[in-house]
Amino acid sequence: MPDRVVIIGAGIAGVAVAHCLSGRDGVGEVLLVDPRPPLTLTSDKSTECYRNWWPNQPMVALMNRSIDRLEEIADQTNNGFGLNRRGYLFVTAEPQRLSTWAEQANRTSQFGGGPVRSHPGPLEYRPAPAHEYHQQPEGVDIFEDGTALREEFPFITEMAVGAIHIRRAGWFSAQQLGSWMLDEAKQRGLSHRQVAVTGIKTDGDAVSGVELSDGGSIACDAVVNAAGPMAADIGKMVDLDLPLTSEVHLKVTYRDHRRVVPRDAPMIIWSDPQRVGWSDEERSGLEQIGRQDLLDEMPIFCHGRPEGGADSDYFLALWEYHDDVREPVWPLPEDDLYPEVVLRGLSTMIPRFAEYRDGLPAATVDGGYYTKTPDNRPLLGPAGPRGFFLACGYSGFGVMVAAGAADLVADHITGSDLPRYAESFLLSRY
């Protein structure tokens, strides 16, 4: 067991590891180190959603464990972070895509993703409640035609030929969850220092401490790299070349004052490519400012969800059409047209959003980086010198995987029995 663990990074990844380690028997002192206040870089820029819909067994297993932990914490806190089970609704106008989804649903079911139900079919569709997460369906509901889909979701376009509803999915307040984890960890003895790590010391083949930007240092026998977009830089301190790239991802929050989307709706995702409906004048203007990217066919997955409670009129939306991979910089690159473009993309799936074209509703844009590996699985476990551990590469699933990933990293650090999927997340797979 380590006598002292330093966790580099106070985002949701690092906070979750701190929470998990501070509750483990035999673990000595745990310190969380970051130059920024906790949960303030990319962790508060998330869509705050979760799902157990993944194309491979290790990710399904890891995410199921993480969702188990989320539900346990929700029970423990009287759902103090607003966990729901509204699901993800993937919508399409292409019959072939619907057929492909059905095949994927059956594979994911075999991985542990839950049963598959078709509608119309022998089992009646069971709508998701707005706030409950107990005793809800798991697996996938497949709407095999547009009529069945619009019976449940009448705001969806007539173009849609069907959809799949992922049921062990929804969203929550990542800030409230992270704050609770941090408070719990501090009550168990966690120390927090708001300072940057500038170097990692080694003694032979093992880590022995970290050097700090204030000129000080901390002796330790374990270091966790949970530095999010800066994880590759931390890896270089122990001569590790981590296979990580960072993509810019923006999101926009609108005031949906017309209540275009019901407040109890799921996450809704248009899963086909599309062309944005610009007028001739608008097209000419976009050509003049060099925005040909907005005139060509646009990518899949324009999506969004209601934000806030029943009395709120906020709607959070995302569409990653930039394909902007870069070294992380702050502030993020801006796109003044983003709210307009996303709104028009949403109107393909939800026609009533077109009502806002002549008067864009009040909108706020922010975002962060998806820092990912080539296979889009996180890096979890030992790498490099003895006592150095990875908890990074969380891509766009950081808040949903953090609890389960922290359990796995803590298992590695404490020498506990590892789940069968553990090897799938080691750096050694590369």
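Before going into details, it helps to say that this report is about the structure given with it. In this numbering scheme, every chain counts its residues from 1 along its sequence in written order. At least 70 in pLDDT is required for a residue's local features to be given in this predicted model, at least 80 for side-chain atom pairs to be given and counted, and no such filter applies to totals for whole chains, interfaces and linings, which use all residues. In computing side-chain values, all of the structure's heavy atoms are included and hydrogens and water are not.

**Some words on the overall build of the chain**
Then comes step 1: A tally of helices and strands in the chain yields 9 helices and 20 strands.
Then comes step 2: To get the radius of gyration, use the C-alpha atoms; to get the globule rule, take the number of residues to the power 0.38 and multiply by 2.2 Å. Compactness check: the chain gives a C-alpha radius of gyration of 22 Å against a globular reference of 22 Å for 430 residues, within 12% of the reference.
Then comes step 3: Its C-alpha atoms give the chain principal-axis dimensions of about 65 × 55 × 40 Å.
Then comes step 4: Burial status follows relative accessibility: with a 1.4 Å probe on protein chains alone, a residue under 20% of its type maximum counts as buried, one over 50% as exposed, and anything between as partly exposed. A total of 430 residues make up the chain; the buried ones form 57% of that total. For helices the rule is a DSSP run of H or I covering at least 4 residues; for strands it is a run of E covering at least 2, with both sets numbered from the N terminus onward.

**Digging into the packing of aromatic side chains**
Then comes step 1: Pairing of aromatic rings covers Phe, Tyr and Trp, the last counted by its six-membered ring, and requires centre-to-centre distances within 6.5 Å; plane angles under 30 degrees mean stacked, over 60 mean edge-to-face, and any other angle means tilted. Under the definition given, this model contains 16 aromatic pairs.
Then comes step 2: Aromatic side chains Trp-319 and Tyr-321 sit 5.7 Å apart centroid to centroid with 75° between the ring planes, which places their arrangement in the edge-to-face category.
Then comes step 3: One aromatic cluster is present, built from ring pairs that chain together Tyr-88, Phe-90, Trp-101 and Phe-301.
Then comes step 4: For a ring to carry a charge above it, either NZ of a lysine or CZ of an arginine must fall within 6 Å of the ring centroid while also lying within 35 degrees of the normal to the ring plane. One residue, Arg-51, lies across the ring of Trp-54, its end atom 3.9 Å from the ring centre.
Then comes step 5: Stacked on the ring of Tyr-314, the Lys or Arg Arg-255 has its end atom at 4.7 Å from the ring centre.

**Observations concerning the state of the cysteines**
Then comes step 1: Any pair of cysteine sulfurs within 2.5 Å is marked as a disulfide. Overall, the coordinates contain 0 disulfides when judged by the stated rule.
Then comes step 2: We note that Cys-20 lacks a disulfide partner, and the nearest cysteine sulfur, in Cys-392, lies 17 Å from it.
Then comes step 3: Accessibility expressed as a relative area gives 12% for Cys-20, which makes it buried.
Then comes step 4: Free cysteine Cys-49: the closest other cysteine sulfur is in Cys-302, separated by 14 Å.

**Brief notes about the packing of helix α2 (residues 57-76) against helix α3 (residues 95-113)**
Then comes step 1: Interaxial angles span 0 to 180 degrees and are taken between N-to-C directions of axes, which are lines fitted to C-alpha atoms, for helices over the stretch in contact. Remark: α2 packs on α3, axes separated minimally by 9 Å, with the N-to-C direction vectors making an angle of 50°. In terms of their interaxial angle, α2 and α3 are classed as oblique. Handedness of the α2/α3 crossing: right-handed. Packed against α2, whose contacting residues are Gln-57, Val-60 and Asn-64, the element α3 presents Thr-108, Phe-111, Gly-112 and Gly-113 at the interface.
Then comes step 2: The residue classification treats Ala, Val, Leu, Ile, Met, Phe, Trp, Tyr, Cys and Pro as nonpolar and Asp, Glu, Lys and Arg as charged. All others, Gly included, are polar. In the contact of α2 with α3, the residues fall into 2 nonpolar, 5 polar and no charged. Roughly parallel covers angles under 35 degrees, roughly antiparallel covers those over 145, roughly perpendicular covers 65 to 115, and oblique covers all other angles. Take the far helix as your reference; a near helix turned counterclockwise from it by less than a right angle gives a left-handed crossing, and one turned clockwise gives a right-handed crossing. Whether two residues are in contact is decided by their heavy atoms, any of which lying within 4.5 Å being enough.

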